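# Architecture at a glance
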Amino acid sequence: MVKQWYWYDWLMFIIRLICSISLVFTTIELQDYFTLPIVVLILWQLIAFSVPWLCLQLDYKYYLFTEIVISGGLCLYLAAFFPQAYFSFLLYAFLIAAHSAQRAYLWSGPVSILLLPAIIKLLAEKSEYWVMAVHIGLAYVFGFSFHLLVLNYRQGEMIREQNAVLEQYLSQIERITLAEERNRVSKELHDTVGHAYTSLIMGLETLRPELATDTGTERLDSLLNLGRQNMEEVRNYVHQIESPHEALPLLQSLRKLAEEFQEHAKVTVRFHAYGEEYPVTKQAKTALYRCLQESLTNAVRHGNSTEIKVSVQFEPKQTRLEIQDNGRGIELGREGFGLSAMKERAMNLQGHVAVYTEPGEGTLVTFTLPRQTELKDEVIRLLVVDDQPFIRESLRTLLEEQQDLQVVGTAEDGEQAIELCRQAEPQLVLMDLEMPNMDGISACRTIKEMWPDIRILILTTFDDTRQALEAMRSGADGYLLKSTQPLELAETIRTVYRRGTLIDQGMSHKLFAQLEADNSGEDPSPIQASLAYELTPRELEILQFVSKGLRYKSIASKLYLSDGTVRNYASSAYMKLGVRNREEAVQKAREAGLLE
């Protein structure tokens, strides 16, 4: 059936069935007193049983009309021969009252209680009008009382369901809060205590040549061992503080979340996985977990869903999470905090979120992240440029813990960086900004002119928007602050190496605010416009080709990328621009000054 049945639906169906069967047998027994053939009477009774009931299941607005006309007409016919037959209408009066809704009582009550007894009185003069009206009125009152009972039960069920959802939601909020706090504490330990121990160990190592005596060397070795042991203990504490779901594989943590939500929210959650699971980064796992949490909660809390389908697809170049529900959908243009946070998480990982919804037809949330794992068959050659020796050595120590990262040189200023780029041939440069002799921006510009394929990631303590904008204009492929967690730094290096572009989240907000404040009516440059729309250089480059009329396959061959990768970049650019197709994208890009 179209709707879900509860105990009261079954109760009224059984009452209707028993009374209809009883009426059929009574009619057969007294068939000699009626003018219509018995076959017609039985057919009429079957229609009186089935048609109003089907209308109640499929389309309520026709129910009352069919019940009064068909069932009431049958009772009028029977009462014309036997005045006591009006008792058969008591059941229908009860059902009419029980199923009346909103303002239907204003007309269904008078018709049932006053009009039908009056018609029976005209057909059978011996019948007593007020007796019939009182009996039918009592049946209607009982039906109305039953309706109030059912309504109260439904409201109670709704409250219980909402309470279950709220409890689940509060539980998820508590978990998120604890996870964020754990993450914050672990980052603080890792970035402060861990960094301090690393700098201490590096400083002690530099003192080794100055200690010529055996006693001094032994004492130095003892201090180094103590420092390394304490740093290892800090790392163990950091791992123990991590959220429990982060210790599980991605698929297992998502499946566990779906099962727990199904148990607490009392909805059906069907979980499917496709493809062979592969390891993902910690950031990607957290983003997928949070996306599923928010989507499940929204499906029940806002969409009143009863069934949710969750699928995880491990594709060669991306990980896709889809959550589809059978709820009432969401309002177009309505974007709450949860969905905004979801999109921000995806954007920080070069992914994207798509939401498809239609009123009454449910919602489909698609969360896609590019596959970002360690390049086990390839090693990224790094050059660290910083004027602080402890920072250079600390970065070398922390980055070389990753199997796919290798520091091939360190430089203390821009001039040494350019010379080492010629000698060591790095693939990516970690560049500081404020340095003697030659600063990071000048070095960045020179390196990009001489070696365009070398990727440059700015890593600085300064969050000055002017410097950040100038660095991006000079060809930098990313901008991060030194407060970034080392693991996040490693993941960012891999992303930038794969031709992606990342800007620190806080810095990106300041950049956009600065661009708006500096808007003096002059035509913006493509770089400024692309920053305003959060377009990466690769997305801007593909927009340039699209504006020239090139197809995705032609663009892929020119950029040495796959057709699917180009399509993903184009789709991401269209989403950021707020357009639906390439024609609208080209038009808006020209209006925004994105195209030269």
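Residues numbered from 1 in each chain as written. Predicted model: local features only at pLDDT ≥ 70, side-chain atom pairs only at ≥ 80, totals over all residues. Heavy atoms only, no water.

### Overview of the pairing of strand E9 (residues 455-460)
Among the 6 residues in E9, 6 count as buried, and that is most of the element. Residues of E9 alternate between two faces, with Arg455, Leu457 and Leu459 on one and Ile456, Ile458 and Thr460 on the opposite face, all of them buried. Where strand E8 (residues 428-431) lies against E9, 4 bridges are found, and the strand directions are parallel. Across the sheet, the residue bridging to Val429 is Ile456, located in E9. Each parallel crossover has a hand, and the one from E8 via helix H14 (residues 440-450) to E9 is right-handed. Here E9 pairs with strand E10 (residues 478-481) via 4 bridges, running parallel. In the strand pairing of E10, Thr460 is matched with Leu481. (Buried < 20%, exposed > 50% of the residue type's maximum accessible area, 1.4 Å probe, protein only. Helix = DSSP H or I, 4+ residues; strand = E, 2+ residues; numbered from the N terminus. Pairing = 2+ DSSP bridges. Right-handed = clockwise from strand over helix to strand, strands pointing away.)

### Regarding empty space enclosed by the protein
Regions of empty space are outlined by a rolling probe, equal in size to a water molecule, passed over the atoms. Scanning the model with the defined rule gives 3 cavities of 30 Å³ or more in all. Reported here for the largest cavity is a volume of approximately 110 Å³. Around the largest cavity sit 13 residues that line it, and Met12, Phe13, Trp53, Leu56 and His99 are the ones nearest its centre. For the lining of the largest cavity, the secondary-structure elements that each account for two or more residues are helix H1 (7-29), helix H2 (38-58), helix H3 (63-81) and helix H4 (88-99). When residues in the lining of the largest cavity are grouped by element, the largest group, 4 residues, is from H1. The residue inventory of the lining of the largest cavity, partitioned by class, reads 7 nonpolar, 2 polar and 4 charged. (1 Å grid on protein atoms, 1.4 Å probe; cavity = no way out; pocket = protein on both sides within 12 Å on 5 of 7 lines; lining within 4 Å. Points joined across faces, edges and corners; volume = space filled by probe spheres on them. Nonpolar A, V, L, I, M, F, W, Y, C, P; charged D, E, K, R; others polar.)

### Here's the deal with the sheet that holds strand E5 (residues 363-370)
Reading across the sheet, the 5 strands line up as E1-E2-E3-E5-E4 and stay open at both edges, with mixed pairing between neighbours. Pairing within the sheet leaves two strands with one partner each, and these edge strands are strand E1 (268-274) and strand E4 (352-357). Within the sheet, the average angular offset between the axes of one strand and its neighbour, ignoring direction, is 10°. With 7 bridges connecting them, E1 and strand E2 (residues 307-314) associate as parallel partners. Each residue of the ladder has a partner; that of Ala273, found in E2, is Val312. The sheet strands contacting helix H9 (residues 250-265) are E1, E2 and strand E3 (318-325), and the helix crosses E1 at an angle near 170°. Packed on one face of the sheet, helix H10 (residues 282-301) meets E1, E2, E3 and E5 and runs near 10° to E3. (Axes fitted to C-alpha atoms, helices over the stretch in contact; angles between N-to-C directions. Contact = heavy atoms within 4.5 Å.)

### Some remarks on H14
Listing the buried residues of H14 in full gives Gly440, Ile441, Ala443, Cys444, Ile447 and Lys448. Looking down the long axis of H14, one finds its buried residues gathered within 160° of arc, a one-sided arrangement. For H14, the N-terminal capping position is held by Asp439, with its side-chain oxygen 3.4 Å away from the main-chain nitrogen of Ile441. (Arc of directions from axis to C-beta. Polar contact = N/O pair within 3.5 Å; in protein donor to acceptor, adjacent residues only side chain to side chain.)

Geometric values such as these leave the question of function open.
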